[in-house]
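A structural walkthrough
One-letter residues, chain by chain:
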Amino acid sequence: MENYTEMLRSHNLKATPQRLEITNALMVHGHLTIEKLYDILLSKFNSISLATIYKNINLMIESAFIQEVKIPKAKSVYELTKETHSHMACEKCGHVEDITIDLSTITNLDAKTDFQIKKVDVVLSGLCKNCQ
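Residues numbered from 1 in each chain as written. Predicted model: local features only at pLDDT ≥ 70, side-chain atom pairs only at ≥ 80, totals over all residues. Heavy atoms only, no water.

Okay, the sheet that holds strand β3 (residues 86–90) next. Read across the open sheet, the three strands follow the order β4-β3-β5; overall the sheet is mixed. Strands at the two margins of the open sheet, each flanked by one partner only, are β4 (96–99) and β5 (123–126). Across the sheet, the mean angle separating the axes of adjacent strands is 25 degrees when strand polarity is ignored. Summarising the sheet, β3 and β4 pair through four bridges and their orientation is antiparallel. Across the sheet, A89 pairs through a bridge with V96, a residue of β4. (Pairing = 2+ DSSP bridges. Helix = DSSP H or I, 4+ residues; strand = E, 2+ residues; numbered from the N terminus. Axes fitted to C-alpha atoms, helices over the stretch in contact; angles between N-to-C directions.)

In structure tokens form, the structure reads like this:
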């Protein structure tokens, strides 16, 4: 977890045991809901509260260490911040995975409109291979 300590510090976050475990869980599992994070952390810290997890998640989002992925008709999931990418979400089992797609036609819209685009989030919904 020495690597995680440096990752957190590079985002001006203290490397608390809870933040180290959140980082580890997201590194191992990828996209997790707050509830799944709570279950994972509860096995490590038997007295941790949901409030503690929310507080840490919010601080980690504010520092751009992690990001929230809003899934239509489902709970948000959280992941470590990485290069710009989109997501595919299974409507049946809830599995979420990263996908890289060309967003240039969307990001070039600001040249054609009076709207300045700051961020593009794309989530493709469907059925994963296992649920088809």
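Inspection of the entire model under this criterion finds five salt bridges. Between K75 and E35 there is a salt bridge, with its nearest N and O atoms 3.3 Å apart. In this pair, K75 sits in the loop between β1 (66–69) and β2 (77–80) while E35 sits in helix α3 (residues 34–44), placing the two residues 40 residues apart along the sequence. Residue E35 is classed as partly exposed on the basis of its relative accessible area of 35%. (Salt bridge = Lys/Arg side-chain N within 4 Å of Asp/Glu carboxyl O. Buried < 20%, exposed > 50% of the residue type's maximum accessible area, 1.4 Å probe, protein only.)

What follows deals with the packing of helix α2 (residues 17–29) against helix α4 (residues 50–62). Across the interface, α2 lies against α4 with an axial gap of 11 Å and an inter-helix angle of 70 degrees. Taken as axis vectors, α2 and α4 run roughly perpendicular relative to one another. Of α4, the residues touching α2 (which contributes Q18, R19, I22 and T23) are T52, N56, I57, L59 and M60. (Parallel < 35°, antiparallel > 145°, perpendicular 65-115°, else oblique. Contact = heavy atoms within 4.5 Å.)

Another point: the state of the cysteines. Within this structure, the stated rule accounts for zero disulfides. Summary of cysteine pairing: C90 is not part of a disulfide, and the nearest cysteine sulfur, belonging to C93, is at 3.7 Å. In this structure C93 comes out as partly exposed when scored by relative accessible area, which is 46%. (Disulfide = S-S within 2.5 Å.)

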